[in-house]
Amino acid sequence: MKKLVCVLLCFAFSCGAFAACGESENEAGNGTENTTTHPQGTLTIIEGRGEVYPYQDRIKEWLLQPYGTDVADYYFETENQAQGIVLSWEYNASDATGFILCYGESGCSKEEKTEVVLGERIREYELFNLYKDTKYDWSVTVTTENGGSITKEESFKTTAIGPRTLQFEDIYNTRDVGGYVTESGKKTRQGLMLRGSEIPGYLREATKKELEPFGIKTDLDIRGYGEESGYKKESPIPGAELKYVMITGYMGAFSLTENYKEVFSMMANEENYPMYVHCTAGADRTGTVIFLVNALLGVPEELLIQDFEFTSFSKWGIRSHLEEGEEGYGAAFRQFLAKLKTYEGETLAEKTENYMLTIGVTQTEIESICAIMLET
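Residues numbered from 1 in each chain as written. Predicted model: local features only at pLDDT ≥ 70, side-chain atom pairs only at ≥ 80, totals over all residues. Heavy atoms only, no water.

### Side note on the overall build of the protein
Stage number 1. Regarding its fold elements, the protein presents 8 helices and 16 strands.
Stage number 2. The 376 residues of the protein split such that 55% are buried.
Stage number 3. Put simply, the protein shows about 16,400 Å² of open surface, and 47% of that area lies on carbon and sulfur atoms. (Helix = DSSP H or I, 4+ residues; strand = E, 2+ residues; numbered from the N terminus. Buried < 20%, exposed > 50% of the residue type's maximum accessible area, 1.4 Å probe, protein only. Areas by Shrake-Rupley, 256 points an atom, 1.4 Å probe, with all protein chains shown as cover.)

Dropping the structure here:
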């Protein structure tokens, strides 16, 4: 059972103590209202309905283009790929004493929900790190000076396109490996394997709090020797075990086979999950490993390429498989994919499985990775 993981960012206000939501009819998507003790004003929901996109606008434009559109035409440098999902409302009277926001996958009548009290001047709240392709029910309740209240309910659904972006204060290019529909119709599990950039040796308390809901057990660092001065002996992520496996990206998958085998063997052990996989940028070495994992699981090739190219929207430069020339990231990626396709098999998933078997990953380990990462 997947756990609700939502990190909230408050703007121009302080988050107060948690409180219970007001009574409501629990009808999502229609702005249901419940009123008591005659408040003076009217509560209206402005934003937070229908399909929502947790990406900056230019990223959303690229994701909505037909497959094969060059990411270079949409590229821009950013440290934050994610854009918060805005929930906003209006109350047109001056008797408000505060607002109570409640949201969750099962609405506010269930245990798995989040509730937060906001000040009387607040009319907006922003959500980050939501699951992709998931419906959320939410409500806002205004409390008034005479003890009255009004509750309005709505719902939204996070888009199925693109990766599940994640945002943390000190870590960049972060996203969930899961959330894709495979060619067999199964979906890859979210919240088990995360990817991104290096983790600073010292994490701010805010970042630790953001990471806490993910319950990361393994910090898998795949960087080379000398890239981190002194080498950390323990993970900066509270509660996570640090593991090093040095690899190189792209064609390194076919030369440093013992190291790649070690990575995939770790991924076959359910006790290592949830895990965070990273190099320095979370781009090339991490991108190669994650490409192979999702290819094994049966994620369609066009989505694998899109996921690889998504790194372009970071501070690490363009990653386009359409990049011209015989050198650079694009050429390295094409060489890697061409080599992978030389292995036996009718599908890319079968070819990837045979690649893994060739480098020493056992059939049992392959089946374990699939059992862990695929929803039943």
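### Examining the nonpolar core
Stage number 1. Counting 50 residues, the largest nonpolar core has M193, F264, M267, V289 and Y355 as the members making the most contacts within it.
Stage number 2. Within the residue set of this core, elements represented by two or more residues are helix 3 (257-267), strand 16 (275-278), helix 4 (285-297), helix 5 (301-309), helix 6 (329-340), helix 7 (348-358) and helix 8 (363-373).
Stage number 3. Looking at this core element by element, the count peaks at 8 residues for helix 4.
Stage number 4. The residues touching M267, leaving out its near neighbours within four places in the chain, are M193, L220, Y273, M275, V277, V289, V293, I369 and I372. (Core = buried A, V, L, I, M, F, W, Y, C linked by side-chain atoms within 4.5 Å. Contact = heavy atoms within 4.5 Å.)

### As for the sheet that holds strand 11 (residues 164-165)
Stage number 1. The sheet built from 6 strands is open, its strands ordered 11-12-13-16-14-15 with mixed pairing. The open sheet is flanked by strand 11 and strand 15 (241-244), the only strands paired with a single partner.
Stage number 2. Two elements, strand 11 and strand 12 (residues 175-176), share 2 bridges in a ladder whose sense is antiparallel. Within strand 12, the position partnered with T165 by the bridge is R175.
Stage number 3. Contacting strand 13 (193-196) and strand 16, helix 4 crosses the sheet at an angle of about 150° to strand 13. (Pairing = 2+ DSSP bridges. Axes fitted to C-alpha atoms, helices over the stretch in contact; angles between N-to-C directions.)

### Side note on the packing of aromatic side chains
Stage number 1. Considering all chains together, one arrives at 17 aromatic pairs under this definition.
Stage number 2. Taking 5.9 Å as the distance between ring centres and 65° as the angle between the ring planes, the aromatic pair formed by Y55 and F310 counts as edge-to-face. Of this pair, Y55 sits in the loop between strand 4 (50-52) and helix 1 (57-63) while F310 sits in the loop between helix 5 and helix 6, and the two are 255 residues apart along the sequence.
Stage number 3. When its relative accessible area of 1% is taken as the criterion, Y55 is described as buried. (Phe/Tyr/Trp six-rings, centres within 6.5 Å; stacked < 30°, edge-to-face > 60°.)

### Here's the deal with the confidence of the model for the protein
Stage number 1. In the predicted model, the protein carries a mean pLDDT of 88, and the fraction of residues at 70 or more is 87%.
Stage number 2. Of the regions scoring below 50 in pLDDT, residues 1-30 engages in 88 contacts with residues more than four places distant in sequence or in other chains. (pLDDT = per-residue confidence, 0-100.)

### Side note on the pattern of salt bridges
Stage number 1. Within the structure shown, the criterion is met by 17 salt bridges.
Stage number 2. Linking E154 and R49 is a salt bridge whose minimum nitrogen-to-oxygen distance equals 3.1 Å. Of the two residues, E154 sits in strand 10 (residues 149-158) while R49 sits in the loop between strand 3 (43-47) and strand 4, which places them 105 residues apart along the sequence.
Stage number 3. A relative accessible area of 4% places E154 in the buried class.
Stage number 4. Here the salt bridges do not stand alone but share partners, grouping D133, K157 and K187 into one network. (Salt bridge = Lys/Arg side-chain N within 4 Å of Asp/Glu carboxyl O.)

### A short note on the environment of T288
Stage number 1. Within the element layout of this structure, T288 appears in helix 4.
Stage number 2. Classification of T288 by relative accessible area gives buried; the value is 2%.
Stage number 3. Sequence-wise, T288 and L337 are 49 residues apart; in three dimensions their C-alpha atoms are separated by 9.7 Å.
Stage number 4. Not counting residues within four places of it along the chain, the set of residues in contact with T288 comprises G249, Y250, A253, Y260 and F336.
Stage number 5. Engagement of the side chain of T288 in a polar contact is seen with the backbone nitrogen of Y250, the distance being 2.9 Å. (Polar contact = N/O pair within 3.5 Å; in protein donor to acceptor, adjacent residues only side chain to side chain.)

### Topic: the packing of helix 3 against helix 4
Stage number 1. Interhelical geometry of helix 3 versus helix 4 gives an angle of 55° and a closest axis separation of 12 Å. Considered as vectors, helix 3 and helix 4 are oriented oblique to each other. Where helix 3 crosses over helix 4, the handedness of that crossing is right-handed. Between helix 3 and helix 4, the contacting residues are Y260, V263, F264 and M267 on the first element and T288, V289, L292 and V293 on the second. (Parallel < 35°, antiparallel > 145°, perpendicular 65-115°, else oblique. Left-handed = near helix turned anticlockwise from the far one by under 90°.)

### Description of the pairing of strand 5 (residues 85-91)
Stage number 1. For strand 5, a buried count of 6 out of 7 residues is recorded, marking the element as mostly surrounded by other parts of the structure.
Stage number 2. The sheet contact formed by strand 3 and strand 5 spans 4 bridges and is antiparallel. Bridged to E47 within strand 5 is S88.
Stage number 3. Pairing analysis gives 4 bridges linking strand 5 to strand 8 (residues 124-128), with the strands arranged antiparallel. When the sheet's bridge partners are listed, L87 is paired in strand 8 with Y125.

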